[in-house]
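Here is what each chain is made of, one letter per residue.
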Amino acid sequence: MHISKVDLNLFIVFEAIYAEGSITRASLKMNLTQPAISHALNRLRVLFEDPLFERQGHVMVPTPLSRSIIDSVRQSLRGFEVTLNGAGHFDAATSERTFSLALRDVLEASVLPPLMARVARDAPTVSLNTLQVGRRELESELAAGTLDAAIDILLPLSNDIRRTLLATDSTVVLVRRDHPLVRGALHLDGYLALEHIQTSSRRRGPGLEDFELSRMGLQRRVRLRCQHYFAACRAVSQTDLALTMPERLARVVNQQFGNQILPFPLQMPSLDIYLYWHANIDHDPAGVWLREQIKQAMLAAD
């Protein structure tokens, strides 16, 4: 079927129903009536010879066919949007755009303050929305345009995803200021003699430092496992526990606690931080501007 015979607006409706899981919410999102949304969906059903969505209670559940085409539909719609935006230019001083950035919580504290300071100064009506996106979904969200960029460690993504190295980080150990066993230096034997905090969003499993220790046939004792580095830093300041974490974040979250920050007593690979975006916005003026603000913010944070 030739594209000239298809109303491309139908795919905007399709994506809205898929994203919202409801004809009612899709109609509100698109500022159309529910009958108009239902009519567009019926036309798509005839076009694809598939129901596309099936109602289960109050939710419109996508069929296998819908799930198989949603990524390409979103990528195509994003391509049209970029083409329209790229026809002109991006004026940060007057734009009211909201950018979506995938950013894991361990990076928010160090990246967001300098980034938002730049945006507030140069683009007073631009907004940022940071999200934590599963790494398996990152590529599809960048392709769909639901994310403008992402910051994370090195990931095995396809060539459609562009990347550039933003920064490198090292691993440090935190102990409280008056720790009875640590006085300004920490050797491997002393590290292993301590009890430790492991910070992870996962329910179980070792950290990167545990892999390095295991290479030498060594193991530390984890006394506390928690989800957030702020809570872990506070626990360090009130106990004799030690915390191993990235140095960049340690310098930020430890400011009010005054814990000792010491080098990790083993040679660890550097923690490389990358900026990711989709190839279809390589030359999008808004995307180029956003990536430059992120790069400059990371330099300011060093």
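- As annotated in an unreviewed UniProt entry, the protein carries the name LysR family transcriptional regulator and is attributed to Duganella vulcania.
- Turning to the protein, the UniProt annotation filed under Sequence similarities (unreviewed entry) states: "Belongs to the LysR transcriptional regulatory family."

A word on the overall build of the protein
Line of reasoning, step 1. Helix and strand counts for the protein stand at eleven helices and twelve strands.
Line of reasoning, step 2. Taken over the C-alpha trace, the protein has a radius of gyration of 24 Å; the compact-globule value for 302 residues is 19 Å, which it surpasses by more than 25%.
Line of reasoning, step 3. Principal axes of the C-alpha set define a box for the protein whose edges measure 75 × 45 × 30 Å.
Line of reasoning, step 4. Expressed as a percentage of its 302 residues, the buried residues of the protein come to 43%.
Line of reasoning, step 5. Nonlocal contacts in the protein, meaning residues at least 24 apart in sequence, comprise 73% of its contacts between residues at least 6 apart.

Side note on the pairing of strand E8 (residues 195-199)
Line of reasoning, step 1. With respect to burial, E8 is a largely interior element, four of its five residues being buried.
Line of reasoning, step 2. Note that the unit made of E8, helix H8 (residues 208-215) and strand E9 (residues 221-226) has a crossover that is right-handed.
Line of reasoning, step 3. Pairing geometry for E8 and strand E10 (residues 242-246), over two bridges, is parallel. Bridge pairing in E10 places His196 opposite Ala242.

Considerations on the sheet that holds E9
Line of reasoning, step 1. One open sheet accounts for five strands, arranged E9-E8-E10-E7-E11; its pairing is mixed. Lying at the two open borders of the sheet, with one neighbouring strand each, are E9 and strand E11 (260-263). Taking each pair of neighbouring strands and ignoring which way they run, the sheet shows an average axis angle of 35°.
Line of reasoning, step 2. As judged from the five bridges shared by E8 and E9, these two strands associate in the parallel manner. Looking at the pairing, Ile197 lines up with Leu224 of E9.
Line of reasoning, step 3. Across the sheet, helix H9 (residues 229-237) touches strand E7 (171-175), E8, E9 and E10, and the angle it forms with E10 is around 145°.

Section: the packing of aromatic side chains
Line of reasoning, step 1. Evaluation of the coordinates by the stated rule reveals ten aromatic pairs.
Line of reasoning, step 2. Between Phe90 and Trp289 the ring centres are 5.3 Å apart and the planes differ by 50°, which places this aromatic pair in the tilted class. Taken together, the residues Phe90 in the loop between helix H4 (64-86) and strand E3 (98-103) and Trp289 in helix H11 (residues 285-301) connect sequence positions 199 residues apart. Summarising the burial analysis for this pair, Phe90 and Trp289 share the class buried.
Line of reasoning, step 3. Taking 6.3 Å as the distance between ring centres and 40° as the angle between the ring planes, the aromatic pair formed by Tyr274 and Tyr276 counts as tilted.
Line of reasoning, step 4. Taking the relative accessible area as the measure of exposure, Tyr274 reaches 14% and is therefore buried.
Line of reasoning, step 5. The buried category is assigned to Tyr276, whose relative accessible area is 0%.
Line of reasoning, step 6. Put simply, the rings of Phe14, Tyr18 and Phe53 touch in pairs and so form one group of aromatic residues.

Quick look at the pattern of salt bridges
Line of reasoning, step 1. For the structure on display, the rule yields 17 salt bridges.
Line of reasoning, step 2. For Glu195, the salt bridge is made with Arg221, and the minimal N-O distance between the two is 2.3 Å. In this pair, Glu195 is assigned in strand E8 and Arg221 in strand E9, connecting sequence segments 26 residues apart.
Line of reasoning, step 3. Between Glu212 and Arg215 there is a salt bridge; the shortest N-O distance is 3.3 Å. In this pair, Glu212 and Arg215 are both assigned in helix H8, three residues apart and thus about one turn of the helix distant.
Line of reasoning, step 4. Among the residues examined, Glu212 registers a relative accessible area of 13% and is labelled buried.
Line of reasoning, step 5. Classification of Arg215 as exposed rests on a relative accessible area of 66%.
Line of reasoning, step 6. When salt bridges that share partners are traced, they join Glu15, Glu20, Arg25, Lys29 and Arg74 into one network.

Structural notes on the domain arrangement of the protein
Line of reasoning, step 1. If you check the domain split of the protein, you get domain 1 (3-87), domain 2 (98-167 + 272-300) and domain 3 (171-269).
Line of reasoning, step 2. For domain 1 versus domain 3, the separation of C-alpha centres amounts to 49 Å.

Some words on unusual backbone geometry
Line of reasoning, step 1. One non-glycine residue, Asn31, adopts positive backbone phi at about 60°.
Line of reasoning, step 2. Within the fold, Asn31 resides in the loop between helix H2 (23-30) and helix H3 (34-48).
Line of reasoning, step 3. Classification of Asn31 as exposed rests on a relative accessible area of 70%.
Line of reasoning, step 4. Even without being glycine, Leu52 reaches a positive phi, approximately 70°.
Line of reasoning, step 5. For Leu52, the location among the structural elements is in the loop between H3 and strand E1 (53-56).

Conventions adopted
Residues numbered from 1 in each chain as written. Predicted model: local features only at pLDDT ≥ 70, side-chain atom pairs only at ≥ 80, totals over all residues. Heavy atoms only, no water. UniProt positions renumbered as here; feature names shortened; annotations may be inferred. Helix = DSSP H or I, 4+ residues; strand = E, 2+ residues; numbered from the N terminus. Rg over C-alpha atoms; globule rule 2.2 N^0.38 Å. Buried < 20%, exposed > 50% of the residue type's maximum accessible area, 1.4 Å probe, protein only. Contact = heavy atoms within 4.5 Å. Right-handed = clockwise from strand over helix to strand, strands pointing away. Pairing = 2+ DSSP bridges. Axes fitted to C-alpha atoms, helices over the stretch in contact; angles between N-to-C directions. Phe/Tyr/Trp six-rings, centres within 6.5 Å; stacked < 30°, edge-to-face > 60°. Salt bridge = Lys/Arg side-chain N within 4 Å of Asp/Glu carboxyl O. Domains from an automatic or database assignment.

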